[in-house]
Amino acid sequence: MSKAVAALELQEQARVERSKLGLWIYLMTDLMLFASLFATYIVLRQNIADGPGGHEIFDMPFVLVETLLLLTSSYVCGLAMLTLRAGNKRATLTLLLITGLLGAAFLGMELYEFAHLVHEGYDWTRSAFLSAFFTLVGTHGAHILVGLIWLTVVWIRLMRRGITHQNKHHLAQFSLFWHFLDIVWIFVFTVVYLMGVA
Amino acid sequence: METRTTAHIVNYTAGFIASLVLTGGAYIIATNHLFEGWAIMWVLMALAVAQLIVQLVFFLHFGHGTDGKWNKAAFWFIAISIFILAIGSLWIMHHMDYNMMPPELMDSHMMEQRDRGF
């Protein structure tokens with residue numbers, strides 16, 4: 001009997017390892033997608049046609065707040081992984097809730113920025129620069145939205161079933177994805193916004 | 001167990017503060033135009049890469065986990081692909097831009113060719 005249990009545990013461990021590698025390979029291919037969009041953006045950033053350039057439309061203090069929100073969200077998510085490891089379900093749920101709220105605030109600000117630009121008449125049909133801008137920043141935003149949905153699912157699972165092996169694994173996967181999105185944003189912030197106004 | 005958790009919290013917080021400093025520094029340099037021309041691009045890129053390394057080490061614990069060899073293989077394969085894709089695109093497009101005739105010259109050149117009967 002105990003032999004069977006040990007065999008099952010080994011099987012489960014192998015499954016977890018495979019799923020970790022799977023997420024990792026997905027993240028690497030996603031990086032490829034972002035790299036293509038970054039290269040496209042850098043090539044097209046001077047092609048503003050009759051539209052505005054980056055320095056005319058970027059509201060830098062606004063984008064800085066956005067950046068700090070996402071950075072803090074990533075940090076709080078890391079803390080949630082620590083309380084999870086320490087076995088504190090309540091603290092983990094609270095920290096993950098803060099992670100999600102900060103992420104949602106980030107996404108809300110980004111959508112506000114997009115709506116504002118479109119309202120001013122600077123939409124993606126105006127110039128190659130704006131097409132590349134909306135595609136790159138929008139793709140990152142879409143990833144954040146997926147992350148928020150994922151977070152909601154793992155949050156509910158954690159609340160209902162508590163700290164199980166499976167939930168630990170799912171949360172570790174989510175946290176990897178979330179840190180990854182924060183790292184991509186560092187480059188969006190630098191290449192698009194900072195270099196746009198520098 | 002307690003001290004290990006505390007050590008981890010200190011670790012994360014150090015990474016967070018370093019990220020804040022790097023973000024703030026890059027923001028101040030860019031908005032106040034503290035450097036000129038290409039220098040500012042290189043400085044901003046260096047700060048972004050520094051923050052990438054800080055987050056990889058402090059948040060993702062890159063390098064001191066038991067990453068499998070397939071993870072490493074995938075990482076380096078993608079790193080090389082991205083280098084070729086990104087740097088290659090910029091290189092080619094820059095040279096195309098450089099070697100392209102300016103639009104006004106192109107127009108007169110085409111007129112000339114037409115007048116010659118091509």
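Going by the structure above, here's the rest.
Below: a short report on this structure. Worth saying up front: this structure is predicted, and the values here are computed from it rather than measured.

Conventions adopted
- Residues numbered from 1 in each chain as written.
- Chains lettered and ligands numbered in written order.
- Predicted model: local features only at pLDDT ≥ 70, side-chain atom pairs only at ≥ 80, totals over all residues.
- Heavy atoms only, no water.
- Helix = DSSP H or I, 4+ residues; strand = E, 2+ residues; numbered from the N terminus.
- Buried < 20%, exposed > 50% of the residue type's maximum accessible area, 1.4 Å probe, protein only.
- Contact = heavy atoms within 4.5 Å.
- Areas by Shrake-Rupley, 256 points an atom, 1.4 Å probe, with all protein chains shown as cover.
- Lys, Arg positive; Asp, Glu negative; His and termini not counted.
- Charge placed at Lys NZ, Arg CZ, Asp CG, Glu CD.
- Buried area = accessible area lost by both parts, 1.4 Å probe.
- Salt bridge = Lys/Arg side-chain N within 4 Å of Asp/Glu carboxyl O.
- Polar contact = N/O pair within 3.5 Å; in protein donor to acceptor, adjacent residues only side chain to side chain.
- Nonpolar A, V, L, I, M, F, W, Y, C, P; charged D, E, K, R; others polar.
- Core = buried A, V, L, I, M, F, W, Y, C linked by side-chain atoms within 4.5 Å.

1. Looking at the overall build of chain B
Per the secondary structure count, chain B includes four helices and zero strands. Counting helices and strands in the order they occur from the N terminus, chain B gives α-α-α-α. Dimensions of chain B along its principal axes, counting C-alpha atoms only, are 85 × 40 × 15 Å. Across the 118 residues of chain B, 24% fall into the buried class. Across chain B, the fraction of contacts at a sequence separation of at least 24, relative to all contacts at a separation of at least 6, is 50%. Total accessible area on chain B is roughly 8,600 Å²; 72% of this is exposed by carbon and sulfur atoms. In chain B, 5 side chains carry a positive charge and 8 a negative one; their mean positions are 18 Å apart.

2. Section: the interface of chain B and chain A
At the interface, 41 residues of chain B touch 39 residues of chain A. In total, chain B and chain A occlude about 3,600 Å² of area from one another, counting both sides; carbon and sulfur atoms represent 84% of this. Our count for the contact surface shared by chain B and chain A stands at zero salt bridges. Counting the contacts that link chain B with chain A gives three residue pairs in polar contact (both at pLDDT 80 or more). Every element with two or more residues in the side of chain B that touches chain A is listed here: helix H1 (2–31), helix H2 (38–58) and helix H3 (69–99) of chain B. A total of 14 residues in the side of chain B that touches chain A trace back to one element, the largest contributor, which is H1(B). Residues belonging to the side of chain B that touches chain A are distributed by class as follows: 28 nonpolar, twelve polar and one charged.

3. Comments concerning the nonpolar core
One broad trend across soluble globular proteins is that nonpolar side chains are buried collectively. Counting 81 residues, the largest nonpolar core has A:Tyr41, A:Phe58, A:Phe133, A:Trp185 and A:Tyr193 as its most contacted members. Listing elements by their share of this core, those giving two or more residues are helix H1 (2–44), helix H3 (60–85), helix H4 (89–119), helix H5 (128–161) and helix H6 (165–197) of chain A together with H1, H2 and H3 of chain B. Broken down by element, this core gets its largest block of residues, 19 residues, from H6(A). Contact partners of A:Trp185, with chain neighbours within four places excluded, come to A:Val63, A:Glu66, A:Thr67, A:Leu70, A:Phe106, A:Glu110, A:Val137, A:His140 and A:Tyr193.

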